Structures are given as structure tokens and as C-alpha cells.
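Residue-level listing of the chains:
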Amino acid sequence: LEAAVAALNADEVENKVTVNLKKGTYNVTGNEKLTIRRANVTLKGEGNATIIDCGAYSNSGQGGIIVDADNVTIEDLKVITSGDKNVSAIKVTALEEIEDEMRLVKDVVIKDVTVSSTGSGVNLHGTKDAVVDGLTVEKAGKVGISLANSVNVTVKDTTALDGTCAWGSIGM
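Residues numbered from 1 in each chain as written. Predicted model: local features only at pLDDT ≥ 70, side-chain atom pairs only at ≥ 80, totals over all residues. Heavy atoms only, no water.

Q: Whenever I open this one, the nonpolar core confuses me. Can you help?
A: The nonpolar side chains of a soluble globular protein tend to be buried, and buried together. Residues Leu 43, Ile 52, Ile 74 and Val 115 are the most contacted members of the largest nonpolar core, which totals 39 residues. The element best represented in this core is strand S7 (residues 72-80), accounting for 4 residues. Leave out the neighbours within four places in its chain, and Leu 43 touches Leu 1, Val 19, Leu 21, Ile 36, Ile 52, Ile 65, Thr 73, Ile 74, Glu 75 and Leu 77. (Core = buried A, V, L, I, M, F, W, Y, C linked by side-chain atoms within 4.5 Å. Buried < 20%, exposed > 50% of the residue type's maximum accessible area, 1.4 Å probe, protein only. Helix = DSSP H or I, 4+ residues; strand = E, 2+ residues; numbered from the N terminus. Contact = heavy atoms within 4.5 Å.)

Q: Before we go on, may I ask you to explain the sheet that holds strand S3 (residues 35-36) in this structure?
A: The strands that make up a sheet are held in pairs by hydrogen bonds between backbone atoms, and each pair lies either parallel or antiparallel. Read across the open sheet, the 6 strands follow the order S3-S6-S8-S11-S15-S18; overall the sheet is parallel. At either margin of the open sheet sits one strand with a lone partner, and together these are S3 and strand S18 (170-171). The sheet contact formed by strand S15 (residues 145-148) and S18 spans 2 bridges and is parallel. Note that in S18 the partner of Ser 146 across the bridge is Gly 171. (Pairing = 2+ DSSP bridges.)

Q: Looking at this model, I keep getting lost on the pattern of salt bridges. Mind explaining?
A: Proximity of charged atoms lets side chains of opposite charge pair with each other. Going through the model one piece at a time under the given rule, you end up with 8 salt bridges. Between Lys 44 and Glu 75 there is a salt bridge, with its nearest N and O atoms 3.8 Å apart. On the criterion of sequence distance, the pair formed by Lys 44 in strand S4 (residues 41-44) and Glu 75 in strand S7 is long-range, its members being 31 residues apart. What makes Glu 75 buried here is its relative accessible area of 17%. Asp 112 is paired through a salt bridge with Lys 111; the nearest N and O atoms lie 3.7 Å apart. Its relative accessible area of 33% is what places Asp 112 among the partly exposed residues. (Salt bridge = Lys/Arg side-chain N within 4 Å of Asp/Glu carboxyl O.)

Q: How should the side chain of Thr 114 be read in this particular structure?
A: Here Thr 114 lies in strand S10 (residues 109-117). For Thr 114, a relative accessible area of 5% corresponds to the buried category. Once you skip the residues sitting within four places of it in the chain, Thr 114 turns out to touch Asn 48, Leu 77, Lys 78, Val 79, Thr 136 and Glu 138.

Q: Help me out: how do you make sense of the environment of Val 105 in this one?
A: One can find Val 105 in strand S9 (residues 105-106). The buried category is assigned to Val 105, whose relative accessible area is 0%. Separated by 72 residues in the primary sequence, Val 105 and Lys 33 place their C-alpha atoms 20 Å from one another. Once residues within four sequence positions are removed from consideration, Val 105 is found in contact with Val 67, Asp 68, Ala 69, Asp 70, Val 92, Thr 93, Ala 94, Gly 126, Thr 127 and Lys 128.

Q: Explain the pairing of strand S5 (residues 50-53) to me, please; I cannot follow it from the model alone.
A: Within a regular beta strand, the side chains point alternately toward one face of the sheet and then the other, so they alternate between its two faces. By the bridge criterion, 4 bridges tie strand S2 (residues 24-27) to S5 in an arrangement that is parallel. Across the sheet, the residue bridging to Thr 25 is Ile 51, located in S5.

These results come straight from atomic positions and should not be treated as a statement about function.
Structure (C-alpha cells):
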């Protein structure tokens, strides 16, 4: 998984690419391993039997998986983080601003994903036209879904049961 993400980020071609992950547990081996910086990527598992276990590792100290590119889909898998409370399972954000303006990450889809995190489950910070569909939050040390500086976000068919999120299901 880590090698596939590194190869994607090195690829400058903008065609659509799908990384299919088979059932099993993918253990992250260090910090800064799962930041998606290439547009038009789908990371697709085989349901909750495909587990990305980030452990205490993170990307930019913010997420087990960071999405910093347009037109990225994460679907049919489970993401776990167990480190710092500032680390979300999945964070969508532009890591670099452009000339004093916040760049928005556009058209990200998180579909049929389960998260368990000591931080927020999913953190959308600086996004446009994002869709969260079929998310299950098993545990969140903060909120199930955190929204900040985001526009045109759709959240549907999402479950964050009472008692699973320390600060509530959705925080804006």
C-alpha cells in the first residue's frame, strides 16, 4: 500500500487510477506514508475486511490518510488510528496554501468506509463538493465528522452512534 501511494504521487499523468486493496490488514510502517497528492485516484478495498491500520503513525501530524488532491475516492475499507488525538483517520485538506489563499480540495468521495480513531473520524478542512456516503464511525476521540472551511459537502447514510464520538457526531 505504501509503495503504491508513493508511485501514484510520483506519476505526473492525470489519468484515472484505481488501487484495489484485497482483504487483509495493511499496517503502516512510519509517518508520512499515506498522503495522496495525485488527482484522479480511487483507493478501493473489499469492505471492512480491508483494514488500513495506521497505528500511532500519521501524515503531517493530522491524519492516518491525508487527501491533498482533487477527484479522489476512498471506498469499501476500514481505517484505524490509535495515536495522538489530533490525528483523524482520514483528513482531506490542502497542505499548502497558494498566495495567501486557502486552496480547496475538490470532488473527494468517502464511500462505505468505517473509521476508528483517537482523533476525529473524518476531517474535511478546506474542501469543495465533497461527499461522505455510508460512513460508519466505530470510535472517535473527537467528533465523527469534522467540517471546517468547506462548501457543498454532502453527508448521507452515515452512522456515528451515541457514545462512539467523544465530542458528537458532526462538528462544524
